[in-house]
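Take a look at the letters that make up each chain.
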Amino acid sequence: MTEPSDSKTVWTIRDVLTWTTNYLKRKGCETPRLDAELLLAHNLGIERIRLYLDFDRPLSDGERLGFRDLVRRRALREPVALIIGKKEFWSLDIVVTPGVLIPRPETEILVQVVLEDCQGLLNLAILEVGCGSGAPLIAVSSVRPDIQLFACDISINSLNCASANASNHGFAAQIFFFASDLLESVRAEHMFDVIYSNPPYIPSNNIDSLAPEIRDFEFRKALDGGLDGLDLIRRLIPTSRDRLKPGGRLILEIGEEQFDSVKKLLETNGFSMVRVFKDLSGKNRVVKAVT
Ligand code: GLN
């Protein structure tokens, strides 16, 4: 990375953003300006908006040096969220670590469907299976702090990350975390009104053709759904059926091409009223079914 720094003595925030945006664009990053802003704000320890208020502020040599390291990592296509250790989801800052899936904007649809499903209902028992960073949980809690949520994950790293996020946002008391491989450790007497999940659903063979950010840096276990992507969903459907109260709902994020197969799995396992919800790019993204 050759920043033409030697020929220039003063580098303002504006200069650095322009230079970095062009550099990251050449490296194939899809949102180079946003990335440059997020990395610089993180490096300077300020809110992104402040960059615009201090556009003409010069950077010290130390600040430029630190920033250059972050830009170098991004140029190798490490996701911004892993470099800065957080990602915005549902307008909330969610801490992320290398052992969790980075929250995706399309997962906000999952949150919306869960919230709509719970609208006007009180005293619900809700379980999130495979909570990862905890992003959907924190989002649900932020709108419905009255609901007691239960959340499990097979990975202790995920449970640590999710419970740190719950504490950061003040929802530690509303969410009960426990370790479980899908629903294996949920005791038979525990029955829920709603079970929801964003399980790994990408077919194993597709992972290598994904963007380098995902292929080379993201936690594979949170993405890999086996040969056809449905391995975990295939286990999740019948076990959820057994843990849902009569009239209980299962809400799942799925891959855009998986709706027909998932609908069939749901119906053969005693679910009905199967509905699909699209994400903002018009792709099938979330299914809901009733016991
Ligand atoms: N939507 C994610 C992606 O395409 C996959 C998330 C998942 O497997 N649960 O990268």
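Up top you'll find the structure we're talking about.
Residues numbered from 1 in each chain as written. Predicted model: local features only at pLDDT ≥ 70, side-chain atom pairs only at ≥ 80, totals over all residues. Heavy atoms only, no water.

Participant: Any chance you could explain the environment of alanine 139 here in plain terms?
Facilitator: Following the sequence through the fold, alanine 139 ends up in helix 7 (residues 135–143). Along the sequence, alanine 139 and asparagine 269 sit 130 residues apart, while their C-alpha atoms lie 30 Å from each other. Those residues in contact with alanine 139, other than ones at most four positions away along the chain, are Phe89, Trp90, Leu92 and Val111. (Helix = DSSP H or I, 4+ residues; strand = E, 2+ residues; numbered from the N terminus. Contact = heavy atoms within 4.5 Å.)

Participant: I would appreciate a short explanation of the pairing of strand 3 (residues 125–129) in the present structure.
Facilitator: Remember that side chains alternate between the two faces of the sheet whenever the strand is regular. The element strand 3 is largely enclosed, with a buried count of five among its five residues. The alternating pattern of strand 3 places Ala125, Leu127 and Val129 on one face and Ile126 and Glu128 on the opposite face, and all of these are buried. Sheet topology places strand 3 next to strand 4 (residues 148–153); five bridges connect them, and they run parallel. Bridge pairing links valine 129 to cysteine 152 in strand 4. (Buried < 20%, exposed > 50% of the residue type's maximum accessible area, 1.4 Å probe, protein only. Pairing = 2+ DSSP bridges.)

Participant: It is not clear to me how the site of the ligand should be interpreted in this structure. Could you clarify?
Facilitator: All residues adjacent to the ligand are Leu101, Arg104, Glu106, Asn198, Pro199, Pro200, Tyr201, Ile202, Ile214, Ala222, Leu223 and Glu253. Between a nitrogen atom of the ligand and a side-chain N or O atom of glutamate 106, the distance comes to 3.2 Å. For the ligand, a nitrogen atom lies 2.9 Å from a polar atom in the side chain of tyrosine 201. In the complex, 89% of the free accessible area of the ligand, which totals 300 Å², lies under the protein chains. For the shell around the ligand, the class distribution of residues is eight nonpolar, one polar and three charged. (Near = heavy atom within 4 Å. Polar contact = N/O pair within 3.5 Å; in protein donor to acceptor, adjacent residues only side chain to side chain. Areas by Shrake-Rupley, 256 points an atom, 1.4 Å probe, with all protein chains shown as cover. Nonpolar A, V, L, I, M, F, W, Y, C, P; charged D, E, K, R; others polar.)

Participant: What is the right way to read the environment of glycine 247 from this model?
Facilitator: In this structure, glycine 247 sits in strand 7 (residues 244–253). A relative accessible area of 32% means that glycine 247 is categorised as partly exposed. In this structure, the C-alpha to C-alpha distance between glycine 247 and valine 290, residues 43 residues apart in sequence, is 5.8 Å. When residues no more than four places from it in sequence are discounted, the contact partners of glycine 247 are Val290 and Thr291.

Participant: Can you help me understand the sheet that holds strand 7 in this one?
Facilitator: The pairing of strands in a sheet comes from backbone hydrogen bonds and takes either a parallel or an antiparallel form. Taken in spatial order, the seven strands make up an open sheet running 5-4-3-6-7-9-8, and their pairing is mixed. Looking at the sheet topology across the chains shown, the edges are occupied by strand 5 (175–179) and strand 8 (272–278). The sheet shows a mean angle of 15° between the axes of neighbouring strands, direction not considered. Set on the sheet, helix 6 (residues 107–118) makes contact with strand 3, strand 6 (192–197), strand 7, strand 8 and strand 9 (284–290); between it and strand 7 the angle comes to about 160°. (Axes fitted to C-alpha atoms, helices over the stretch in contact; angles between N-to-C directions.)

Participant: Help me out: how do you make sense of the packing of helix 2 (residues 32–44) against helix 4 (residues 61–75) in this one?
Facilitator: The geometry of a pair of packed helices is captured by two quantities: the angle between their axes and the separation between those axes. The N-to-C vectors of helix 2 and helix 4 enclose an angle of 140°; their axes lie 10 Å apart at closest approach. Our classification of the angle between helix 2 and helix 4 gives oblique. Every pair of crossing elements has a handedness; the one defined by helix 2 and helix 4 is right-handed. Taken together, the residues of helix 4 that come into contact with helix 2 (itself represented by Asp35, Ala36, Leu39, Leu40, His42, Asn43 and Leu44) are Glu63, Gly66, Phe67, Leu70, Val71 and Arg74. Its residues assigned to classes, the contact of helix 2 with helix 4 comprises seven nonpolar, three polar and three charged. (Parallel < 35°, antiparallel > 145°, perpendicular 65-115°, else oblique. Left-handed = near helix turned anticlockwise from the far one by under 90°.)

Participant: How should the side chain of serine 240 be read in this particular structure?
Facilitator: Note on placement: serine 240 falls in helix 10 (residues 231–243). Overall, the relative accessible area of 0% leaves serine 240 in the buried class. At 2.7 Å, the side chain of serine 240 and the backbone oxygen of leucine 236 are in polar contact. If near-sequence neighbours (up to four positions away) are discounted, serine 240 is found in contact with Leu183, Ile195 and Leu250.

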